[in-house]
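Coordinates in review
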Amino acid sequence: LIADQLIMAPVSTIMCLGFTGVLQECKADALLEWSLLGRIKSDLPTIWATDMLFWPLANGINFTQIPLVYRPVFTSCADLVWQTFLSFYTMNIADMGTRGPGEDERESGQGAVD
């Protein structure tokens, strides 16, 4: 469990942030830019800290409370919760500072009909 938290958690988080950047229509050369690296540097500690709270608790419950035949089901449900968290977190980070499609028009007054 310690190796998972110290080695695999940061690696998988970096991969998740990188793939999320690509899927959010970043250009291929943006992977080498500091903006994506800065995003990884700024988001990795938060995601990793949450990972270190979530997975040891989930694994502790899994190995102590869940019968052997249901452990894969419990782990899959915990992974679904974790992936949902990652999805919402990365989308909120990507949307920070951006406006919705109609907000620009209302704020600038261009969309108002007189």
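Residues numbered from 1 in each chain as written. Predicted model: local features only at pLDDT ≥ 70, side-chain atom pairs only at ≥ 80, totals over all residues. Heavy atoms only, no water.

Comments concerning the overall build of the protein chain
Operational definition: Comment: elements are numbered from the N terminus, with helices defined as DSSP H or I runs of at least four residues and strands as E runs of at least two. Working definition: with a 1.4 Å probe on protein chains only, accessible area under 20% of the residue-type maximum means buried, over 50% means exposed, and in between means partly exposed. A contact between two residues is defined here by any heavy atoms of the two lying within 4.5 Å. What sets the accessible areas is the Shrake-Rupley method with a 1.4 Å probe; for residues, cover comes only from the shown protein chains.
For the protein chain, the count of helices and strands is four helices and zero strands. Along the protein chain, helices (α) and strands (β) appear in the sequence α-α-α-α when read from the amino end. Residues counted as buried form 24% of the 114 residues belonging to the protein chain. Put simply, 65% of the contacts in the protein chain that link residues at least 6 apart link residues at least 24 apart. Split by element, the accessible area of the protein chain, about 8,300 Å² in all, is 68% carbon and sulfur.

Observations regarding the environment of Ala49
Tracing the backbone shows Ala49 in helix H2 (residues 34-65). As a C-alpha pair, Ala49 and Pro10 span 39 residues in sequence and 10.0 Å in three-dimensional space.

A look at the packing of aromatic side chains
Worth spelling out the cut-off: Side-chain rings of Phe, Tyr and Trp, where Trp is taken by its six-membered ring, are said to pair if the distance between their centres is within 6.5 Å; with planes under 30 degrees apart they count as stacked, over 60 as edge-to-face, and otherwise as tilted.
For the structure shown, the criterion picks out four aromatic pairs. Taking the centre distance of 5.0 Å and the plane angle of 80° together, the rings of Phe54 and Trp55 count as edge-to-face. Judged by relative accessible area, which is 22%, Phe54 ranks as partly exposed. With 5.7 Å between their ring centres and 20° between their planes, Phe54 and Trp82 make a pair best called stacked. Taken together, the residues span a long stretch of sequence, with Phe54 in helix H2 and Trp82 in helix H3 (residues 71-95) at a distance of 28 residues. An aromatic cluster is defined as three or more aromatic residues linked by ring pairs; in this entry it consists of Phe54, Trp55, Trp82, Phe85 and Tyr89.

Let's talk about the nonpolar core
Rules: We define the nonpolar core as a collection of buried residues of types Ala, Val, Leu, Ile, Met, Phe, Trp, Tyr and Cys that are connected through side-chain atoms lying within 4.5 Å of one another.
With 10 residues, the main nonpolar core is built from Cys16, Leu17, Ile40, Ile47, Trp55, Ala58, Ala78, Trp82, Leu86 and Tyr89. Looking at this core, the elements that each hand over two or more residues are helix H1 (2-23), H2 and H3.

Details of a nonpolar patch on the surface
In plain terms, the rule: Within this analysis, patches are made of residues with over 30% relative accessible area and no salt bridge. Like charges are joined at 9 Å or less; nonpolar side chains (Val, Leu, Ile, Met, Phe, Trp, Tyr) at 5 Å or less. The working definition used for a salt bridge is a side-chain nitrogen of Lys or Arg within 4 Å of a carboxyl oxygen of Asp or Glu.
A grouping of Ile2, Leu6, Ile7, Met8, Val11, Met15, Phe19 and Met52 is seen on the molecular surface, where their side chains present a nonpolar patch of about 800 Å² in accessible area. Counting residues per element, the nonpolar patch draws most heavily on H1, which supplies seven residues. Relative to the helices and strands, Met52 resides in helix H2.

As for the side chain of Asp51
Tracing the backbone shows Asp51 in helix H2. Its relative accessible area of 5% is what places Asp51 among the buried residues. Excluding residues within four positions of it along the chain, Asp51 makes contact with Gln5, Ala9, Pro56 and Trp82.

Details of the confidence of the model for the protein chain
Do not read the fine detail of predicted coordinates wherever pLDDT is low. Defined as follows: Per residue, pLDDT measures the predictor's confidence, with a range of 0 to 100.
When pLDDT is averaged across the protein chain, the result is 74; 63% of the residues are at 70 or more. Of all secondary-structure elements in the protein chain, the lowest mean pLDDT belongs to helix H4 (residues 103-108), at 46, while H3 reaches the highest, 85. Long-range and interchain partners of residues 97-109, a stretch whose pLDDT sits below 50, account for four contacts in this model, where long-range means more than four residues apart.

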